[in-house]
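The primary structure of each chain is shown beneath.
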Amino acid sequence: MEEIEVPRHEHPVRPFTRFLCGCCGAHCTDHERIYGGYRCNEPGCDKAFHKECAEALPEIINSFHPEHPLKLILDYSCPNACSLCQHKFGIGYSCSLCDFHIDLKCVRIPPPTENSCLHEHPLKLSHGEPSDSLEYDICGDCKTNPPPVCVVSSTTHEHQLHLVPRRMDFTCNACGTLGDRSPYFCLQCNFMIHRECIDLPRVININRHDHRISYTRRLGHGESPWKCGVCRKKVDGFYGAYASSKVPSFVVHARCATREDVWDNVELEGMPEEEVIAPFEVVDDTTIRHFSHDHNLHINKDGQILHENIVCEACVFQIGSEYFYSCKNCDFILHEKCANLPRKKRHVCSNQPLTLETVSRAATCSLCDKQHFVILE
Ligand SMILES: [Zn+2]
Ligand SMILES: [Zn+2]
Ligand SMILES: [Zn+2]
Ligand SMILES: [Zn+2]
Ligand SMILES: [Zn+2]
Ligand SMILES: [Zn+2]
Ligand SMILES: [Zn+2]
Ligand SMILES: [Zn+2]
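Read on for a plain summary of the structure. All of these numbers come straight from a predicted model, not from anything done at the bench.

This next bit is on the overall build of the protein. When its secondary structure is counted, the protein shows five helices and 29 strands. Taking all 377 residues of the protein together, 44% fall into the buried category. The contacts of the protein with a sequence gap of at least 6 include a subset with a gap of at least 24, amounting to 48%. Total accessible area computed for the protein in this model is approximately 20500 Å², and 52% of it derives from carbon and sulfur atoms.

Right, let's get into the coordination of the zinc ion (ligand 2). At the metal site, the zinc ion (ligand 2) is ligated by Cys24 (SG), Cys28 (SG), His50 (ND1) and Cys53 (SG), and these contacts range over 2.1 to 2.3 Å. Geometry at the zinc ion (ligand 2) is tetrahedral, judged from its four donor atoms and the angles of 100 to 116 degrees they form at the metal. Sequence spacing of the donors to the zinc ion (ligand 2): C-x3-C-x21-H-x2-C. Taken together, the residues cysteine 24 in the loop between strand E1 (14–21) and strand E2 (33–39) and cysteine 53 in helix H1 (residues 51–54) connect sequence positions 29 residues apart. Grouping residues by exposure puts cysteine 24 and cysteine 53 together as buried.

Our focus in this paragraph is the coordination of the zinc ion (ligand 3). The coordination sphere of the zinc ion (ligand 3), as far as protein atoms go, consists of Cys82 (SG), Cys85 (SG), Asp103 (OD) and Cys106 (SG), spread over 2.1 to 2.5 Å. Classification of the site at the zinc ion (ligand 3) rests on its four donor atoms, whose angles at the metal span 84 to 124 degrees, yielding the label irregular. If you list the donors of the zinc ion (ligand 3) from N- to C-terminus, the spacing comes out as C-x2-C-x17-D-x2-C. One end of the pair, cysteine 82, is in the loop between strand E6 (80–81) and strand E7 (88–89); the other, aspartate 103, is in strand E9 (residues 100–103), and 21 residues separate them in sequence. Residue classification places cysteine 82 among the buried positions, given a relative accessible area of 0%.

Attention now goes to the pattern of salt bridges. Counted according to the given criterion, the structure contains nine salt bridges. A salt bridge links glutamate 273 to arginine 212, with the nearest nitrogen and oxygen atoms 3.9 Å apart. In this pair, glutamate 273 is assigned in the loop between helix H4 (254–257) and strand E22 (280–284) and arginine 212 in the loop between strand E16 (203–204) and strand E17 (213–216), connecting sequence segments 61 residues apart.

What follows is about unusual backbone geometry. Phi is positive for asparagine 190, close to 55 degrees, though the residue is something other than glycine. We classify asparagine 190 as exposed; its relative accessible area is 54%.

Here we take up the sheet that holds strand E21 (residues 251–253). The four strands are arranged E16-E17-E20-E21 in an open sheet whose pairing can be described as antiparallel. Two strands lie at the open edges of the sheet, namely E16 and E21, each paired on one side alone. For E16 and E17, the ladder comprises two bridges, and the chain directions are antiparallel. Bridging across to E17, valine 203 finds its partner in serine 214.

With that settled, the discussion passes to the sheet that holds E9. Ordered by their spatial adjacency, four strands build an open sheet running E4-E5-E8-E9, and the pairing between neighbours is antiparallel. Two strands in the sheet have a free side with no partner beyond their single neighbour: strand E4 (59–62) and E9. Here the average twist between neighbouring strands, direction ignored, is 35 degrees. Judged from the four bridges that link them, strand E5 (residues 65–74) and strand E8 (residues 91–95) form a sheet pairing that is antiparallel. Counterpart to isoleucine 73 in the pairing with E8 is glycine 92.

Turning to the nonpolar core, a few remarks are in order. Of all hydrophobic cores here, the largest spans 38 residues; its most connected members are Tyr184, Ile193, Ile206, Ile213, Tyr242 and Val252. Where this core is concerned, the elements lending two or more residues are strand E11 (161–163), strand E14 (184–186), strand E15 (191–193), E17, strand E20 (241–244), E21 and H4. Both of domain 3 (150–197) and domain 4 (203–257) provide at least three residues apiece to this core. Excluding its chain neighbours within four sequence positions, the residues that come into contact with valine 252 are Ile206, Ile213, Cys228, Gly229, Val230, Ala241, Tyr242 and Ala257.

So, about the environment of glutamate 3. Its place among the elements puts glutamate 3 in the segment before E1. It is 9.5 Å that separates the C-alpha atoms of glutamate 3 and arginine 39, two residues lying 36 residues apart in sequence. Leaving out residues up to four positions away in the same chain, glutamate 3 has contacts with Pro12, Val13 and Arg14.

With that settled, the discussion passes to the side chain of asparagine 173. Within the secondary structure layout, asparagine 173 lies in the loop between strand E12 (167–171) and strand E13 (178–181). Setting aside anything within four residues of it in sequence, one finds asparagine 173 in contact with Asn190, Phe191, Met192, Arg217, Phe238, Tyr239 and Gly240.

Time to look at the packing of aromatic side chains. On inspection of all chains with the given rule, the structure shows five aromatic pairs. Ring geometry for phenylalanine 238 versus tyrosine 239: centroids 5.0 Å apart, planes at 90 degrees, classification edge-to-face. Classification of phenylalanine 238 as partly exposed rests on a relative accessible area of 36%. Between phenylalanine 280 and tyrosine 325, the ring centres sit 6.4 Å apart and the planes meet at 50 degrees, which makes this aromatic pair tilted. Of the two residues, phenylalanine 280 is situated in strand E22 and tyrosine 325 in strand E25 (residues 324–327); the sequence distance between them amounts to 45 residues. By the burial criterion, phenylalanine 280 is buried, and tyrosine 325 matches it. Counting every residue linked through ring pairs, the aromatic cluster contains Phe19, Tyr35 and Tyr184.

How each quantity is defined
- Residues numbered from 1 in each chain as written.
- Chains lettered and ligands numbered in written order.
- Predicted model: local features only at pLDDT ≥ 70, side-chain atom pairs only at ≥ 80, totals over all residues.
- Heavy atoms only, no water.
- Helix = DSSP H or I, 4+ residues; strand = E, 2+ residues; numbered from the N terminus.
- Buried < 20%, exposed > 50% of the residue type's maximum accessible area, 1.4 Å probe, protein only.
- Contact = heavy atoms within 4.5 Å.
- Areas by Shrake-Rupley, 256 points an atom, 1.4 Å probe, with all protein chains shown as cover.
- Donors = N, O, S within 2.8 Å, 3.2 Å for Na, K, Ca; no water.
- Tetrahedral: all angles 85-135°; square planar, octahedral: opposite > 155°, others 65-115°.
- Salt bridge = Lys/Arg side-chain N within 4 Å of Asp/Glu carboxyl O.
- Pairing = 2+ DSSP bridges.
- Axes fitted to C-alpha atoms, helices over the stretch in contact; angles between N-to-C directions.
- Core = buried A, V, L, I, M, F, W, Y, C linked by side-chain atoms within 4.5 Å.
- Domains from an automatic or database assignment.
- Phe/Tyr/Trp six-rings, centres within 6.5 Å; stacked < 30°, edge-to-face > 60°.

Rendered as structure tokens:
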């Protein structure tokens, strides 16, 4: 995967064909949609860029101002207004001799002579109930940023997909949910897909599961009836979904897995699997060295119930009749099950994995307010 640098963005970005709704990271004036382009895969940074914005040339000749070459301007703090549409932009082109500015949305408008036929644009889309003003808006949008007529999305389908620009009810083969307009279609396979489902991420981590999950074009009926690990509703094996790499029964709807509060927006395809850090080293059959303590700990399997003042350092609960580890040099005690708590854990409270830490490193649990081992972001 070839990554490129984008001016004023601290991370390299990678090409993608997914369709996104929202702002372009280059602060251009096209706030509507990004039909593929480039996206940042850095954890915590979810910026996406129009192809044109990411690849903007330092200098161009434009038909709206053919007299002089226009220079690329990147100024997010003191935006210029586009001489055509009057919108302020952070990235665009300017001619300093003539005080002419043009944003990247207007740069894409075809030369004036070709404009006359724009209302017969073959890709006219209907977003909602037809109304004159809406139709006009859509035409305007479509004029500067038309959805592609064909796309190739290797994750979701093996053939080229074609836009069907009209209102119609369909079930998306990639995610199994209904759609009501403008799907992309493969005639050969009778395959229909939402534009939002084009190029779904292949391998991801979600905050409801400790292992990676991967997209499969058709889940099949292996362990069916399948139940979604996020919304708990049924998952139809006929459609695409995500499945766990380690737990065969764990599956997630494509839409649930890629929800903003579930996925951290990082595509893991091609990245090595994170190393599992063990919470302790085994010294011998009965002895361990736990990361939270400086002395060796010894297992106790007698089933004795300790005084109620003696509590486990991790969970702060009394030692009942469970197995526990204790220290011979001091009064440090851990339940056996607490000693085995994983160093990294995923939890619905955050999109990033949490790390197990001891109290000396941190203070109180933000969920229950107790002082004990806490899991930190
Ligand atoms: Zn970034
Ligand atoms: Zn842009
Ligand atoms: Zn403009
Ligand atoms: Zn879909
Ligand atoms: Zn096909
Ligand atoms: Zn679900
Ligand atoms: Zn415990
Ligand atoms: Zn000790």
